[in-house]
Amino acid sequence: MSTLAEQAVARTPRRFALRFRGMSDRAIAWLFITPSVLLLLAINIFPLLWTIQLSFTNYRANRPNAPIRYIGLDNYRNILTDTEVWHAMQATAHFVLWSIALELALGFGLALLINRRFRGHSFWTTIILLPMMLSPAVVGNFWTFLLQPQIGLFNSAIAVLTGVNPSSFQMIGDVALAPWSIIMVDTWMWTPYVMLICLAGLRSIPDYIYEAAEVDRASPWRKFWSITLPMVMPFLMLAILFRAIENFKMFDMVNLLTSGGPGSTTEVASITLKREAFEKWRTGYSSALAIILFVTVFGAANIYVKALNRVKQR
């Protein structure tokens, strides 16, 4: 290691070596991270500022030569009074709330089982984690075939268990069942992720706390409510935060499964944004919608993080 360092010093031009020699550690650190910071600003900040600018105009991407007119807050007013947007927000809320509730319950339950370290728990942990390793596009196509009423295995399995004709119902083609289809698929894919976070919380609890509870003759139920749940609660809240952000902007899996259908039953906010931007070509309108969604997620996440910090300080 010293030989490599000496070679690097020897090959450094003298004028650069003299400049670096007089710099503080803080200045050298900024020198190394500045290119990365500038790159991140160019990738993230510039598109955001451009989107904000477009949201105040009538710009259409399919008419690049048309005159761009500044219309003020008209796009924002139209969005707040658009029934389709509010329907999409309701569909998004239904999807986010139910998927998080199911993922949290199943993920925490699986974490409690895996934490017992039974024989073969490493193998079963790997099997449980497999859905999370797949991309949402693969999962969407995979479940699209499984949920087909004629050839899908899901309908056949339901028919075996209940005796119902497999062709009598369509999970992704029925107005009542389609919203639950995307919730089911998202739960299948991301429950392992919640399980990992909960498992990390369970493994962080010191054993001596349970040993002290056993000395006090606390029942397993009492130990769960007084030790396990309170100490894992920050991890549960962290899992809720991550999954809420991801599900709020979910697009690829829902687009492949139902494309927002049947009708607009499963048209979540991201599907509405895609249709406004790339089907109706209302670029200014879709930019305003994107800003509203961004502010909504950012504001809700900021409030939630403050609540999470309060829980950690207790």
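Refer to the structure above for everything that follows.
In what follows, the accompanying structure is described.

Rules behind the numbers
Residues numbered from 1 in each chain as written. Predicted model: local features only at pLDDT ≥ 70, side-chain atom pairs only at ≥ 80, totals over all residues. Heavy atoms only, no water. Salt bridge = Lys/Arg side-chain N within 4 Å of Asp/Glu carboxyl O. Helix = DSSP H or I, 4+ residues; strand = E, 2+ residues; numbered from the N terminus. Buried < 20%, exposed > 50% of the residue type's maximum accessible area, 1.4 Å probe, protein only. Core = buried A, V, L, I, M, F, W, Y, C linked by side-chain atoms within 4.5 Å. Contact = heavy atoms within 4.5 Å. Axes fitted to C-alpha atoms, helices over the stretch in contact; angles between N-to-C directions. Parallel < 35°, antiparallel > 145°, perpendicular 65-115°, else oblique. Left-handed = near helix turned anticlockwise from the far one by under 90°. Nonpolar A, V, L, I, M, F, W, Y, C, P; charged D, E, K, R; others polar.

## Re the pattern of salt bridges
Consideration 1: Under the counting rule described, the total for this entry stands at 10 salt bridges.
Consideration 2: Two residues, Asp186 and Arg243, come together in a salt bridge whose shortest N-O distance is 3.5 Å. On the criterion of sequence distance, the pair formed by Asp186 in helix α9 (residues 178-203) and Arg243 in helix α11 (residues 220-248) is long-range, its members being 57 residues apart.
Consideration 3: Between Glu279 and Lys274 there is a salt bridge, with its nearest N and O atoms 3.0 Å apart.
Consideration 4: Here Glu279 falls in the partly exposed class, since its relative accessible area comes to 46%.
Consideration 5: Among the charged side chains, a salt-bridge network with shared partners connects Glu84, Glu276, Lys280 and Arg282.

## Thoughts on unusual backbone geometry
Consideration 1: Look at the link from Gly261 to Pro262: it is a cis peptide, with omega at -5°.
Consideration 2: By secondary structure assignment, the location of Pro262 is in the loop between α12 (252-257) and α13 (269-278).
Consideration 3: The phi dihedral of Arg217 falls on the positive side, at around 60°, and the residue is not glycine.
Consideration 4: In this fold, Arg217 is placed in the loop between α10 (207-215) and α11.
Consideration 5: You can call Arg217 exposed: its relative accessible area is 77%.
Consideration 6: Although it is not a glycine, Ser259 sits at a positive phi angle of roughly 55°.
Consideration 7: You can see Ser259 is positioned in the loop between α12 and α13.

## Considering the nonpolar core
Consideration 1: With 21 residues, the main nonpolar core has Trp143, Leu147, Val185 and Leu257 as its most contacted residues.
Consideration 2: Secondary-structure elements contributing two or more residues to this core are α5 (83-114), α7 (136-146), α9 and α12.
Consideration 3: At 5 residues, α9 tops the list of elements feeding residues into this core.
Consideration 4: In contact with Val185, not counting residues within four places along its chain, are Val139, Trp143, Leu147, Met253 and Leu257.

## Comments concerning the packing of α10 against α11
Consideration 1: Following both chains from N to C, one finds α10 and α11 inclined at 165°, their axes separated by 11 Å at the closest point. Here α10 lies roughly antiparallel to α11, going by the angle between them. Remark: the crossing between α10 and α11 carries right-handed chirality. Touching Ile209, Tyr210, Ala213 and Glu214 of α10 are Lys223, Ile227, Thr228 and Met231, all from α11.
Consideration 2: Split into classes, the residues belonging to the contact of α10 with α11 amount to 5 nonpolar, 1 polar and 2 charged.

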